[in-house]
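Structural features, examined
Below, each chain spelled out in residue letters.
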Amino acid sequence: MPIEEVCDSVSAEDDAKKGPDVPFLLEECVKEKVPWKEVLKKKVGKKCSCSSARVKALLIDSIPIIKWLPRYQFKDWIIGDAMSGLIVGILLVPQSIAYSLLAEQDPIYGLYTSFFASIIYTLLGTSRHISVGIFGVLCLLVGQVVDRELTLAGYPSDTNQTTLGNVDNSTGPICDRSCYAIMVAATLTFTAGVYQVLMGLLQVGFVSVYLSDSLLSGFATGASLTILTSQIKYLLGLHLPRVQGWGSLIKTWISLFKNLGHTNLCDLITSVLCLLVLVPTKELNDRFKAKLKAPIPFELFVVIAATLASHFGQFEETYGSNVAGNIPTGFMPPQLPNWSLIPNIAVDAFSIAIVGFAITVSLSEMFAKKHGYMVDPNQEMYAIGFCNIIPSFFRCFTTSAALTKTLVKESTGCQTQISGLVTALALLLVLLVIAPAFYSLQKCVLAVIIVVNLRGALRKFGDIPQMWRVNRLDAIIWLITMATSALVNTELGLLVGVLVSAFCVLGRTQSAQVHQLGQAGDRELFEDLASYKGLQSQAEVAVFRYEAPIYYANQALFKKSLYRNVGLDPLKEKARRRKLDKQRNQKQEGEDQKQEMDVSTNVYLLQHNSLHKLVIDCSPVLFLDTAGVNALKEVCKDYKELGVNVLLARCNTSVIDSLRRGGYYDPKKGIKDIQFHTLSDAVSYAKSLKSQNGDCDTVV
């Protein structure tokens, strides 16, 4: 049943009657209240109804490919999708192997992760352009958790020995370090995916709006510094355990400097040569990306060349270089997560789920806006959740959208997620045939690939002056989030960034001030007297504006700022009068003493003889809570006792409703339920009121 609206006109006095000017009044539309039981019944019935149309709609919403695949324009789109998918697949091969190193995993698991994520997002995602797969920041977070759990389980650092007999592995026999590492990562990924699906069921996709661009950028930059630091040991060929706990970045650099004497010269030379090749070629790709039909896969060329050099030069046997090792072909049988690990990694999984979802939704919305289509944040939550849950049974770790590969995908002609299937086919070829050829690939080469791909995030440091000029609060949020993520703890950096952003919003309401307004000639335009020239103040009427909502956190500041700008603090004035009354009662000096008190009590009238009405412009006041309503009550009451009328103008319907429910309107106390829709109406009404020193007719 539709909601009926009944329009009730607010009656006013006849213009011919003597008295104050009657302001222009609008008719209020009062909505008929529907019982909450009926509302709940409708919503439950709508959600729980079962029909063929309902099932079809639910299926299409849950699996978006069913909707867009029949409309696929094969002749127009297939070339672009095939080209972009193939190029992203070629780029993913070296990057998947490299980022496995960051996640403390064997190379094969990075290839698995990219393969399954590409297929699942094609089926469930709503963005046409983003590339879902391995993301550096998430790999760092996963690697930190894996390294911690390996240490707690007693596995030696950087070895592949089967040394424990007390590891709780409910999915099979006792396994070595590599087996336990992927078990931890898969369990972590499964838990993060469950969190994301639950958030999708609870329809909390809107939480992404609370993660600002400055917060995410600062977090990514801080994490990039940590990633860079973690890869230095591979560039130098050092065998150092990953530092855990707060301040890991500083501790890692201290450990690196202490062990510089153990640098492997073969790894160092290889790292320098790879950097000298990749850095300028990457810059060339970026500079000429508008002219190139597709970026040149220099990373793949470097990997092939380095693998051949290491194999024929026998770098592992001769110089002790650390290589990727055996990479099997095919797929391993699925395994269940280790349920006993979930209590240990539940908190870490939640932060990983938030980061993965925020990055994915931000990128999907950015590219959807650019190309003129819509994405569903809640469906994106489901998609990225299942991109983690399903692959976790096949020894994969956490995934999300990645900006670099998404930009490549878009620039090479991607039209739909069919390109994701092409990427998966390219990775499948590597998994089934080519993977063992990377046995001799040095880990320092993989570290170089990771470091070179951090250039975009590290360039943000050059944007700090511009950020500071544009918005200092955003720059502060960026700096604090970045510093906390890098110097203290990566996960804590995200939490600190959210808290700082929230406090900045609260701080803006706390720092709002009351401004006195003046009128621009005869126009109905009132602005801040301190900001514009040529404005005129009103005789006997002061107009003020408070540019923030009034609630429990700033109601005291509102009153303080108002009293200061009006130039009259009612509490101080009443205290002064009480003091004078007390002095008069204590003295018994006859007529001389009485004359002295008359002079004293007239101080207020001499100082404020031009102020009899006070108009408060409430247009910027978005809402009031109970404390805000009480604050306005106190202002009205305190000024009324001093003979000053208080009027509220331009209140929105939410504020008016809060005033009514809070008991602000009380005709017995002279507060009538009259609204002023313009400041001119309020000023005219105020001028028509009689000046009073005691009682006042206070209206709203």
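Everything below is about the structure shown above.
The structure displayed is predicted, hence computed values, not measured ones.

With that out of the way, let us pick up empty space enclosed by the protein. Any empty space left between the atoms is revealed when a probe the size of a water molecule rolls over them. Inspection of the entire model under this criterion finds 4 cavities of 30 Å³ or more. The volume enclosed by the largest cavity comes to roughly 80 Å³. Around the largest cavity, the lining is made up of 11 residues, and of these Lys-233, Tyr-234, Leu-238, His-239 and Asn-322 lie nearest the centre. Those elements that provide at least two residues to the lining of the largest cavity are α8 (213–236) and α17 (443–452). Its residues assigned to classes, the lining of the largest cavity shows 4 nonpolar, 3 polar and 4 charged. Each pocket or cavity is described by its volume, and for the second largest cavity that value is around 70 Å³. Surrounding the second largest cavity, Val-88, Leu-92, Ala-117, Ser-118, Tyr-121, Ile-130, Ser-131, Val-132, Lys-409, Gln-417, Gly-420 and Thr-423 form its lining. Those elements that provide at least two residues to the lining of the second largest cavity are α4 (74–102), α5 (107–124) and α16 (418–434). Broken down by element, the lining of the second largest cavity gets its largest block of residues, 3 residues, from α5. For the lining of the second largest cavity, a count of residues per class yields 6 nonpolar, 5 polar and 1 charged.

With that settled, consider the packing of aromatic side chains. Using the criterion set out here, one finds 21 aromatic pairs in the structure. A ring pair is formed by Phe-315 and Tyr-319, whose centres lie 5.9 Å apart and whose planes are at 65 degrees; its orientation type is edge-to-face. Of this pair, Phe-315 and Tyr-319 are both found in helix α12 (residues 315–319), 4 residues apart, which corresponds to roughly one turn of the helix. Judged by its relative accessible area of 17%, Phe-315 is buried. Note on Tyr-319: relative accessible area 47%, which makes it partly exposed. Centre to centre, the rings of Tyr-551 and Phe-623 are 5.9 Å apart; their planes meet at 45 degrees, and the pair counts as tilted.

So, on to the environment of Arg-469. Of note, Arg-469 is situated in helix α19 (residues 464–470). In this structure Arg-469 comes out as exposed when scored by relative accessible area, which is 60%.

Each value, and the rule that gives it
Along every chain, residues carry numbers that run from 1 in the direction the sequence is written. Totals for whole chains, interfaces and linings use all residues, but because this is a predicted model, local features are given only for residues with pLDDT of at least 70 and pairs of side-chain atoms are given and counted only at 80 or more. Only hydrogens and water are set aside when side-chain values are computed; all heavy atoms of the structure are taken into account. A 1.4 Å probe that fits into a set of points on a 1 Å grid over the protein atoms alone but cannot get out defines a cavity; an open set with protein on both sides within 12 Å along at least five of seven lines defines a pocket, and lining residues are those with an atom within 4 Å of a point. Grid points are joined across faces, edges and corners, and a volume is the space filled by probe spheres set on the points. In this text, helices come from DSSP runs of H or I with a minimum length of four residues, and strands from runs of E with a minimum of two, each type numbered from the N-terminal end. Polarity classes work like this: nonpolar for Ala, Val, Leu, Ile, Met, Phe, Trp, Tyr, Cys and Pro, charged for Asp, Glu, Lys and Arg, and polar for all others, with Gly in that last group. For Phe, Tyr and Trp, rings pair up if their centres lie within 6.5 Å, where Trp contributes its six-membered ring, and each pair is then called stacked (planes under 30 degrees apart), edge-to-face (over 60) or tilted (otherwise). Burial status follows relative accessibility: with a 1.4 Å probe on protein chains alone, a residue under 20% of its type maximum counts as buried, one over 50% as exposed, and anything between as partly exposed.

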